[in-house]
Amino acid sequence: QVQLVESGGGLVQPGGSLRLSCAASGRILSIGLMGWYRQAPGKPRELVATITSDGSTNYADSVKGRSTISRDNAKNTVYLQMNMLKPEDTAVYYCNAQIRNENYLTYNYWGQGTQVTVSS
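Residues numbered from 1 in each chain as written. Predicted model: local features only at pLDDT ≥ 70, side-chain atom pairs only at ≥ 80, totals over all residues. Heavy atoms only, no water.

Engineer: What is the right way to read the overall build of the protein from this model?
Structural biologist: Helix and strand counts for the protein stand at zero helices and eleven strands. Mapped in sequence order, the helices and strands of the protein form the string β-β-β-β-β-β-β-β-β-β-β. On C-alpha atoms alone, the protein measures out to a radius of gyration of 14 Å, which is about the 14 Å that the 2.2 N^0.38 rule sets for 120 residues. In terms of principal-axis extent, the alpha carbons of the protein reach across some 50 × 25 × 25 Å. Counting the 120 residues in the protein, one finds 39% classified as buried. Of the accessible surface of the protein, which amounts to about 6500 Å², a share of 47% is contributed by carbon and sulfur atoms. (Helix = DSSP H or I, 4+ residues; strand = E, 2+ residues; numbered from the N terminus. Rg over C-alpha atoms; globule rule 2.2 N^0.38 Å. Buried < 20%, exposed > 50% of the residue type's maximum accessible area, 1.4 Å probe, protein only. Areas by Shrake-Rupley, 256 points an atom, 1.4 Å probe, with all protein chains shown as cover.)

Structure, rendered in structure tokens:
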């Protein structure tokens with residue numbers, strides 16, 4: 001059984017920073033694309049950033065220049081460093097990963113979500 005477990009969310013003031021982590025565990029053969037998505041109340045889930053297994057990144061325009069996605073393949077972990085946070089960044093942040101299991105089958109997995117609240 002594969003799990004994605006996020007951590008690092010919380011309450012931060014505007015202009016502050018947070019670092020989210022997401023660790024994958026279980027019967028994992030390899031991990032392809034990993035990413036972060038977010039969902040604010042009353043809005044659809046949206047892409048924040050993605051990173052391929054070789055480190056190529058992609059960002060939503062709303063976070064470009066303020067956020068950095070990275071990963072540690074040895075730890076099956078993806079990170080999202082967010083700086084200069086704004087109230088509109090408030091949302092539940094979800095980790096996503098495409099994981100190949102020991103049977104060479106690839107599935108798309110989601111974490112349980114971590115709340116990020118930007119408020120003074």
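Moving on, there is more to tell.
Engineer: Where do I start with the state of the cysteines in this structure?
Structural biologist: Between two cysteines, a covalent bond joining their sulfur atoms is known as a disulfide. If you walk through the whole model with that rule in mind, you get one disulfide. Across the disulfide from Cys-22 sits Cys-95; the S-S distance is 2.1 Å. Looking along the S-S bond of the Cys-22-Cys-95 disulfide, the torsion reads about -80°, which is the left-handed sense. Residue Cys-22 is found in strand E3 (residues 18-25), and its partner Cys-95 is found in strand E9 (residues 91-101); the two are separated by 73 residues along the sequence. With a relative accessible area of 0%, Cys-95 lands in the buried category. (Disulfide = S-S within 2.5 Å.)

Engineer: Explain the layout of surface pockets here, please?
Structural biologist: To find the voids left in a structure, one rolls a probe of water-molecule size over its atoms. Computed from the structure, the largest pocket encloses a volume of approximately 190 Å³. The wall of the largest pocket is formed by 13 residues, among which Arg-38, Ala-40, Lys-43, Glu-46 and Glu-88 lie closest to the centre. When grouped by side-chain class, the residues that make up the lining of the largest pocket number three nonpolar, three polar and seven charged. (1 Å grid on protein atoms, 1.4 Å probe; cavity = no way out; pocket = protein on both sides within 12 Å on 5 of 7 lines; lining within 4 Å. Points joined across faces, edges and corners; volume = space filled by probe spheres on them. Nonpolar A, V, L, I, M, F, W, Y, C, P; charged D, E, K, R; others polar.)

Engineer: Mind showing me how you'd approach the environment of Glu-6 here?
Structural biologist: If you trace the backbone, Glu-6 turns up in strand E1 (residues 3-7). C-alpha of Glu-6 to C-alpha of Thr-114: the two residues are 108 residues apart in sequence and 6.3 Å apart in space. At 3.0 Å, the side chain of Glu-6 and the backbone nitrogen of Gln-112 are in polar contact. At 2.5 Å, the side chain of Glu-6 and the backbone nitrogen of Gly-113 are in polar contact. (Polar contact = N/O pair within 3.5 Å; in protein donor to acceptor, adjacent residues only side chain to side chain.)

Engineer: What is the right way to read the packing of aromatic side chains from this model?
Structural biologist: In this description, an aromatic ring pair is defined by two values, namely the gap between the centres and the angle between the planes. If you walk through the whole model with that rule in mind, you get two aromatic pairs. Aromatic pair Tyr-37 and Trp-110: ring centres 5.1 Å apart, planes at 65°, arrangement edge-to-face. Of this pair, Tyr-37 sits in strand E4 (residues 28-39) while Trp-110 sits in strand E10 (residues 106-110), placing them 73 residues apart in sequence. Look at Tyr-37 and you get partly exposed, because its relative accessible area is 21%. Both rings, one in Tyr-107 and one in Tyr-109, keep their centres 6.4 Å apart while their planes meet at 70°; by these two values the pair is edge-to-face. Note that Arg-19 overlies the ring of Tyr-79, its terminal NZ or CZ placed 4.1 Å from the centroid. (Phe/Tyr/Trp six-rings, centres within 6.5 Å; stacked < 30°, edge-to-face > 60°. Lys NZ or Arg CZ within 6 Å of the ring centre and 35° of its normal.)

Function cannot be read off these values alone, since they describe shape.
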